[in-house]
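Per-entry structural report
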Amino acid sequence: MVSNIPSVWLGLIGSTIAGLGTGLGALPIFLVNRISPNSQGVMLGFGAGVMLAATAFSLVIPGLDAVTEQGGGNVAAAFLVSLGIMLGGVFLWLSHRYFPHEHFFKGREGQHTARLKQVWLFIMAIAIHNFPEGLAVGVGFGGDDIGNAVSLAAGIGLQNMPEGLVVALSLRAEKYSKRDAFLISLVTGLVEPIGGVLGSVAVSLFRPILPIAMGFAAGAMLFVISDEIIPESHRLGYEKAATAGVMVGFVLMMILDVTIG
């Protein structure tokens, strides 16, 4: 039944569901005003662990397999996926350099930040973070392994939940109302379907680029993990708790990939 649905629609549906995890995770903002820094570290670390496992098991390994299925050798597989990873990292680096945005702990980055209100800078920062996740889901559904794509979407949606709550609480700390904090978290998650559609369309139209596309999505996610999530999880001084979260998230995503994918 699912196999009869065009991959573009699957990419849109999967990335939308994953993106809604951010809003779902932000719902407790109406019940709590704060969580401990230790808990924030664990939650962010958990998200990083899920993304790291998704990068390895749902993007890099399937990308390598896709090259061999297309008749390429091991050297070609390593080269094409590595090329995609580097391109994805460069894309995110350029996005951070030139798109105006503001992080909760690193401050303003990009160009022309003085011209935009702070809320829009926050939204753009989280959107830059979420776009690669949607792209990864879209690329996954653009491939031939629906089970792998489903596990990837489930994992991204799962890691979006604690991330959504942390974002909402950070906005509350910046004096935003509970309603605004929730809505901003929800809207930033809805950036993911844009990446999902672009990823699935690109792979559907140009099937040979699937390995590079999977590498690209993996590289973009690796950049986000290293440049944003892990430093954010460590900034309050609870590195061990964040590391425990990374390990739990990694193992859980690995289990999802093995059992569903």
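Residues numbered from 1 in each chain as written. Predicted model: local features only at pLDDT ≥ 70, side-chain atom pairs only at ≥ 80, totals over all residues. Heavy atoms only, no water.

This next bit is on the environment of S7. Along the chain, S7 falls in helix α1 (residues 7-26). Look at S7 and you get buried, because its relative accessible area is 18%. Placed 190 residues apart in sequence, S7 and V197 show a C-alpha to C-alpha distance of 9.1 Å. Residues contacting S7, with those up to four places away along its chain left out, are F141, G142, S200 and S204. (Helix = DSSP H or I, 4+ residues; strand = E, 2+ residues; numbered from the N terminus. Buried < 20%, exposed > 50% of the residue type's maximum accessible area, 1.4 Å probe, protein only. Contact = heavy atoms within 4.5 Å.)

Attention now moves to the nonpolar core. Residues L59, V139, L152 and M221 are the most contacted members of the largest nonpolar core, which totals 56 residues. Looking at this core, the elements that each hand over two or more residues are α1, α2 (37-69), α3 (74-98), α4 (118-142), α5 (146-173), α6 (178-189), α8 (210-234) and α9 (239-259). Apart from the residues lying within four places of it in its own chain, the contact partners of V139 are G199, S200, V203, L210, A213 and M214. (Core = buried A, V, L, I, M, F, W, Y, C linked by side-chain atoms within 4.5 Å.)

With that settled, the discussion passes to the packing of α1 against α5. Interaxial distance between α1 and α5 falls to 6 Å at its minimum, and their mutual angle equals 25 degrees. The orientation of α1 with respect to α5, classified from their angle, is roughly parallel. Crossing of α1 over α5 shows right-handed handedness. For the pair α1 and α5, contact is made by L10, G14, A18, G19, G21, T22, L24, G25 and A26 and by I146, A153, I156, G157, N160, M161, G164, L165 and A168, respectively. Of the residues that constitute the contact of α1 with α5, the class distribution is 10 nonpolar, 8 polar and no charged. (Axes fitted to C-alpha atoms, helices over the stretch in contact; angles between N-to-C directions. Parallel < 35°, antiparallel > 145°, perpendicular 65-115°, else oblique. Left-handed = near helix turned anticlockwise from the far one by under 90°. Nonpolar A, V, L, I, M, F, W, Y, C, P; charged D, E, K, R; others polar.)

In a regular helix each residue adds 1.5 Å, so 28 residues correspond to 40 Å; α5 covers 40 Å between its end C-alpha atoms and thus fits that length. Of all the bends found along α5, the most pronounced is centred on M161 and spans about 30 degrees, while P162, a proline, follows it within four residues. With 20 of 28 residues buried, α5 lies mostly within the body of the structure. K175 lies just past α5 and shows a positive phi near 75 degrees. (Expected span 1.5 Å × (residues − 1). Bend = angle between axes of the 7 residues up to and from the residue.)

Let us look at the packing of α2 against α9. Remark: α2 packs on α9, axes separated minimally by 6 Å, with the N-to-C direction vectors making an angle of 35 degrees. You can see that α2 and α9 cross each other, and the crossing is right-handed. Looking at side-chain class alone, the contact of α2 with α9 contains 16 nonpolar, 7 polar and 1 charged residues.

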